[in-house]
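Observations on chain architecture
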Amino acid sequence: SCPRCAGLWVDRATFEEIVREADRRASTAVPTRLEALPRREIDFNAAEVRYLKCPSCERFMNRRNFGRISGVIVDECSTHGIFLDAGELEAIRTFV
């Protein structure tokens, strides 16, 4: 974790296990409509978008909306892992 920004670097295997665990703990009540899913609004007027470098390979990471509709934009190295800004891990758990 980063003491300056409170972000978190998670390797790919650990992130996938976190998502699986959140899925296992999810309620058995599944929303029947997509509108019922928890979503965060994406602030397109936020500060300038910055692309981060992977701490393992130093290549720029891609930005993607986790789960396509969650509103949680994560920085992802397709090989090594995911960087989560402060609060994004809990937002992903809530979405799952």
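Residues numbered from 1 in each chain as written. Predicted model: local features only at pLDDT ≥ 70, side-chain atom pairs only at ≥ 80, totals over all residues. Heavy atoms only, no water.

1. Some thoughts on the packing of aromatic side chains
Rules: Only rings of Phe, Tyr and Trp enter the pairing, Trp through its six-membered ring, and a pair is recorded when the two centres are within 6.5 Å. The plane angle decides the type: under 30 degrees is stacked, over 60 is edge-to-face, the rest tilted. Runs of E in the DSSP output that reach at least two residues are strands. Runs of H or I that reach at least four are helices, and both are numbered from the N terminus. Between buried and exposed lies partly exposed: a residue is buried under 20% and exposed over 50% of the maximum accessible area for its type, with that area taken using a 1.4 Å probe on protein chains only.
Inspection of the entire model under this criterion finds 2 aromatic pairs. Taking the centre distance of 5.8 Å and the plane angle of 90° together, the rings of Phe-15 and Phe-66 count as edge-to-face. Of this pair, Phe-15 sits in helix α1 (residues 12-25) while Phe-66 is found in the loop between β2 (62-65) and β3 (73-77), placing the two residues 51 residues apart along the sequence. Both residues of the pair, Phe-15 and Phe-66, count as buried. Between Phe-66 and Phe-95 the ring centres are 6.1 Å apart and the planes differ by 85°, which places this aromatic pair in the edge-to-face class. Here Phe-95 lies in helix α2 (residues 88-95) and Phe-66 lies in the loop between β2 and β3, a separation of 29 residues in the sequence. Among the aromatic residues, ring-to-ring pairing joins Phe-15, Phe-66 and Phe-95 into one connected group.

2. A closer look at a nonpolar patch on the surface
The line we're drawing: Residues enter a patch when their relative accessible area is above 30% and they make no salt bridge; the linking distance is 9 Å between like charges and 5 Å between nonpolar side chains (Val, Leu, Ile, Met, Phe, Trp, Tyr). With residues, only the protein chains shown are counted as cover, and all accessible areas are computed by Shrake-Rupley using a 1.4 Å probe. Salt-bridge detection follows one rule: a side-chain nitrogen of Lys or Arg within 4 Å of a carboxyl oxygen of Asp or Glu.
On the surface, Val-49, Tyr-51 and Phe-60 cluster together to form a nonpolar patch covering roughly 350 Å² of accessible area. Inspection of the secondary structure puts Phe-60 in the loop between α1 and β2. For Phe-60, a relative accessible area of 56% corresponds to the exposed category.

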